[in-house]
Every structure is written in structure tokens, then in C-alpha cells.
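Inside the fold
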There are 2 protein chains.
Amino acid sequence: MNKVDHKDCLGALLPIRDALDAIHGKWKLLIYIAVSNGNNRFREIERSIPGISSKVLAKELKELEEHQLIKRTVYDATPALVEYTVTEYSKSLEVVLQALNTWGTNHRKKIMGKR
Amino acid sequence: MNKVDHKDCLGALLPIRDALDAIHGKWKLLIYIAVSNGNNRFREIERSIPGISSKVLAKELKELEEHQLIKRTVYDATPALVEYTVTEYSKSLEVVLQALNTWGTNHRKKIMGKR
């Protein structure tokens, strides 16, 4: 087996790293699923995820917005009405989440089966 | 859309979390690919990944071993000879890495295209 040097290694990993960065972390997927399940207001999302602080939720929503997985809409009302929805683009994640879900389910059986 | 409560959310995410825990982090995939590319001795792996310390490499190899993605073989020699190889089981990751790679490649274009 030929030895591939570090640069090729890193280059090959970049897209995988990009994908993991968009969805990994303690809260991102929880927030994404909470919004896709009908929690569209900030307080609703916050209440639906025990343990998350407003500060962390605001930061994670911002990042999910930058990754174009969540859309923030401000309605012209007094006070302003802000709603979060999942984007059409975010549905492209389905394949990734399904692959992770299938592998994770088998992995748990394989590892738990040993302990 | 019905509002799903937190417990169902968490339950649904568990397998995905298990999968992400096995492969995420700065070094795991780099180490996995380095070993699968023919770096089988500790020093070889260490040299092939600039910036990683021996302490971190030892810890990450241990975790990859616990996840049964890497196998550690000790040969009866003086001094003892230790080799790391990827396991047959780890090939099941292929589908996940492929899905992440495809999504990450498109995601980079979509996000970079905007900046």
C-alpha cells in the first residue's frame, strides 16, 4: 500500500470536514430537528431543547443560517415578529443523516454488544 | 406540523450522535486515513500527520480501537513490535464518508459561491 502524504490526506478530507462542521456539535442537529418539527419562534425552540441557553441558541441559529440550513424571516409587526424555518436546501442533508443514522444504529449494537 | 417533544428529538438523534462521535474531531479521520494509506507504526502515523502530539495520537488511536475502526497488534519481538491496521468493520464507514464527502463538496460550492 503506497504511503500518501499529509497534503493529499488533508485535501481528501476537506469536504468531509465541511459537512461535519455544518452539523456537528451538541446542539445543531437538535435545533434543526426542533425547527423542522414546527418550533419556529426563538422562545419555542429554546423551550423545546432543555439545557440550551439563549446565547448559545442565538449563536447556533446564526451558524445554521450561514450554512443556509435555517432561514430567518422578520415580519413587519410591532414588536417585530421573527420566524425560523428549515430551508429547501437543508433537505439535501437527508442522505447524510440517513447514512449516519443507519451506521450509528449498527455501531451501537456492535459496540454495546461487546460491553 | 406537529410539535415533537424533546425526548423524541433526542431519541431520534442518538444513532446520529453515536456515528458523529466515532468519526468527528480534528484528528480521527486523519489518523484513520493515514493508517489505511499504509502508515502502520506509531511513529509513522505521527510523522504523517504534522501537528499531532504523541499524547493526542495515543488517545485517538485508543478511541478508534474502542470503536473497532482500528486494530492494534503486538508482535512478540524485542523490543515489542506494535502495528495498527484498519478493521474490516471500518469499511462500513465508506457509505457515511461518501455521503459526507458528496454533501460537503456541494456545500462548499454553495456557501463559497455566496461569499
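Residues numbered from 1 in each chain as written. Chains lettered and ligands numbered in written order. Predicted model: local features only at pLDDT ≥ 70, side-chain atom pairs only at ≥ 80, totals over all residues. Heavy atoms only, no water.

As recorded by an unreviewed UniProt entry, chain A carries the name Helix-turn-helix transcriptional regulator and is attributed to Panacibacter microcysteis.

1. Details of the environment of Tyr-89 of chain B
Rules: Secondary structure elements are defined from DSSP: runs of H or I of at least 4 residues count as helices, runs of E of at least 2 residues count as strands, and each element is numbered from the N terminus.
Inspection of the secondary structure puts Tyr-89 of chain B in the loop between strand E2 (81-86) and helix H5 (94-114). Measuring from C-alpha to C-alpha, the distance between Tyr-89 of chain B and Gln-68 of chain B comes to 7.2 Å, with 21 residues separating the pair along the chain.

2. Considerations on the pairing of E2 of chain B
Residues and elements named next belong to chain B. Counted only if it meets this: In this description, strands pair whenever DSSP reports at least two bridges between them.
Summarising the sheet, strand E1 (residues 70-75) and E2 pair through six bridges and their orientation is antiparallel. Residue pairing for E2: Ile-70 is matched across the bridge by Val-86. Linking two consecutive strands that pair antiparallel, namely E1 and E2, is a turn of five residues.

3. Comments concerning the relation of the copies chain B and chain A
Using the following cut-off: Here the copies are superposed with least squares, the fitted atoms being C-alpha atoms of residues at a pLDDT of at least 70 in both. When checking whether two residues touch, look at their non-hydrogen atoms; a contact exists if any pair is within 4.5 Å.
Expressed as a screw operation, the relation of chain B to chain A combines 0.0 Å of axial shift with a rotation of 180°, fitting to an RMSD of 0.0 Å. Such a combination of turn and shift is consistent with a two-fold rotation axis. Counting the interface residues of chain B, we find that 100% of their copies in chain A are interface residues as well, pointing to one common contact surface.

4. Let's talk about the interface of chain B and chain A
Short version of the rule: Values labelled buried area give the accessible surface lost by two parts on being combined, using a 1.4 Å probe and summing over both. Whenever Lys or Arg places a side-chain nitrogen within 4 Å of a carboxyl oxygen from Asp or Glu, that contact is recorded as a salt bridge. Classification convention: Asp, Glu, Lys, Arg as charged; Ala, Val, Leu, Ile, Met, Phe, Trp, Tyr, Cys, Pro as nonpolar; all other residues, Gly among them, as polar.
Listed per partner, the contact involves 54 residues of chain B and 54 residues of chain A. In this assembly, chain B packs against chain A so that about 4,900 Å² is buried in total across both faces, 66% of it on carbon and sulfur atoms. At the junction of chain B with chain A, the criterion picks out two salt bridges. Residue assignment for the side of chain B that touches chain A shows that the elements contributing at least two residues are helix H1 (6-23), helix H2 (28-36), helix H3 (42-48) and H5 of chain B. If you tally residues by element for the side of chain B that touches chain A, the top one is H1 of chain B, at 15 residues. In terms of residue class, the side of chain B that touches chain A is built from 29 nonpolar, 15 polar and 10 charged.

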